[in-house]
Amino acid sequence: IRIIPYGVRLDAFRPVATPPPDEFQVIFIGQISLHKGIPYLLEAFSRVRHPRKRLRLIGSIMREMKPVLDKLPTDHVEMPGPVAKKELPEYLSRSHVLVLPSIDEGFGMVQGEAMACGCPVLATSSSGAENLFTDGMEGFIVAPRDPQALADRLQQLADDPALQRRMSVAALDRVQHLGGWNDYGDRWAQLLREVCGNH
């Protein structure tokens, strides 16, 4: 089996700001839905201890989530709705971590986009994260449906700004090493040449 990680639009996603040092900014980008694991994220975030914490859920709220959200903790949580793609680098650059708590996901493209902005990723093993980065290096990978695991990793980042900065640098280095979509296409072409015997 040969794994070829997706590329990232490095011309569009790059660091354009830095996270505020006196806050703890967490971001989620995607459909606000059950299969994205939003209930687990909200429960986890409620357990994080930080005097100036904020969670932004960027994306459309699915119909089935509206009655569920009423029963979940949403203190210090913002839901601005969908945001234009061109605005995402600013949001990602200013966040200390992107969380993708998916229960079921093919591959979360936003993970590479976050890393290209120097934003570490906290994702579940159901998000394709293991094919993109190494647990403990550019971010963290936890099991799905585990709010305590999410909370523990969030708390670790909130308590250790130096760790967050190291992961930020490692995330940016990793995604730049992977390259953009042209690099992804070149790797595919090379693999096909190998499989087909260069015919």
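Residues numbered from 1 in each chain as written. Predicted model: local features only at pLDDT ≥ 70, side-chain atom pairs only at ≥ 80, totals over all residues. Heavy atoms only, no water.

1. Observations concerning the packing of helix α5 (residues 147-159) against helix α6 (residues 161-178)
Working step 1: Contact geometry for α5 and α6: axes closest at 5 Å, N-to-C directions at 100°. If you check the angle between α5 and α6, you find them roughly perpendicular. Residues Q156, L157 and D159 of α5 touch α6, and the partners they reach there are P161, L163, Q164 and M167. (Axes fitted to C-alpha atoms, helices over the stretch in contact; angles between N-to-C directions. Helix = DSSP H or I, 4+ residues; strand = E, 2+ residues; numbered from the N terminus. Parallel < 35°, antiparallel > 145°, perpendicular 65-115°, else oblique. Contact = heavy atoms within 4.5 Å.)

2. Thoughts on the pairing of strand β4 (residues 97-100)
Working step 1: With burial as the criterion, each face of β4 is covered, one bearing V97 and V99 and the other bearing L98 and L100.
Working step 2: Regarding topology, helix α4 (residues 110-116) serves as the crossover connection from β4 to the parallel strand β5 (residues 121-124), and that connection is right-handed. (Buried < 20%, exposed > 50% of the residue type's maximum accessible area, 1.4 Å probe, protein only. Right-handed = clockwise from strand over helix to strand, strands pointing away.)

3. Looking at the layout of surface pockets
Working step 1: The calculated volume of the largest pocket comes to roughly 390 Å³.
Working step 2: Together, 24 residues line the largest pocket, and P19, H96, P161, Q164 and R165 are the ones closest to its centre.
Working step 3: Of all the secondary structure elements, the ones that give two or more residues to the lining of the largest pocket are α3 (88-93), α5 and α6.
Working step 4: With 6 residues, the top contributor of residues to the lining of the largest pocket is α6.
Working step 5: Broken down by class, the residue content of the lining of the largest pocket amounts to 14 nonpolar, 8 polar and 2 charged. (1 Å grid on protein atoms, 1.4 Å probe; cavity = no way out; pocket = protein on both sides within 12 Å on 5 of 7 lines; lining within 4 Å. Points joined across faces, edges and corners; volume = space filled by probe spheres on them. Nonpolar A, V, L, I, M, F, W, Y, C, P; charged D, E, K, R; others polar.)

4. Describing the pattern of salt bridges
Working step 1: The tally for this structure, following the rule as stated, stands at 8 salt bridges.
Working step 2: We note a salt bridge from K85 to E113, for which the minimum N-O separation is 3.2 Å. Here K85, found in the loop between β3 (77-81) and α3, pairs with E113, found in helix α4; they are 28 residues apart in sequence, far enough to count as distant.
Working step 3: Among the residues examined, K85 registers a relative accessible area of 52% and is labelled exposed.
Working step 4: One salt bridge connects E90 with R94, and the closest N-O pair in it is separated by 2.5 Å.
Working step 5: R94 sits in the partly exposed class, given a relative accessible area of 41%. (Salt bridge = Lys/Arg side-chain N within 4 Å of Asp/Glu carboxyl O.)

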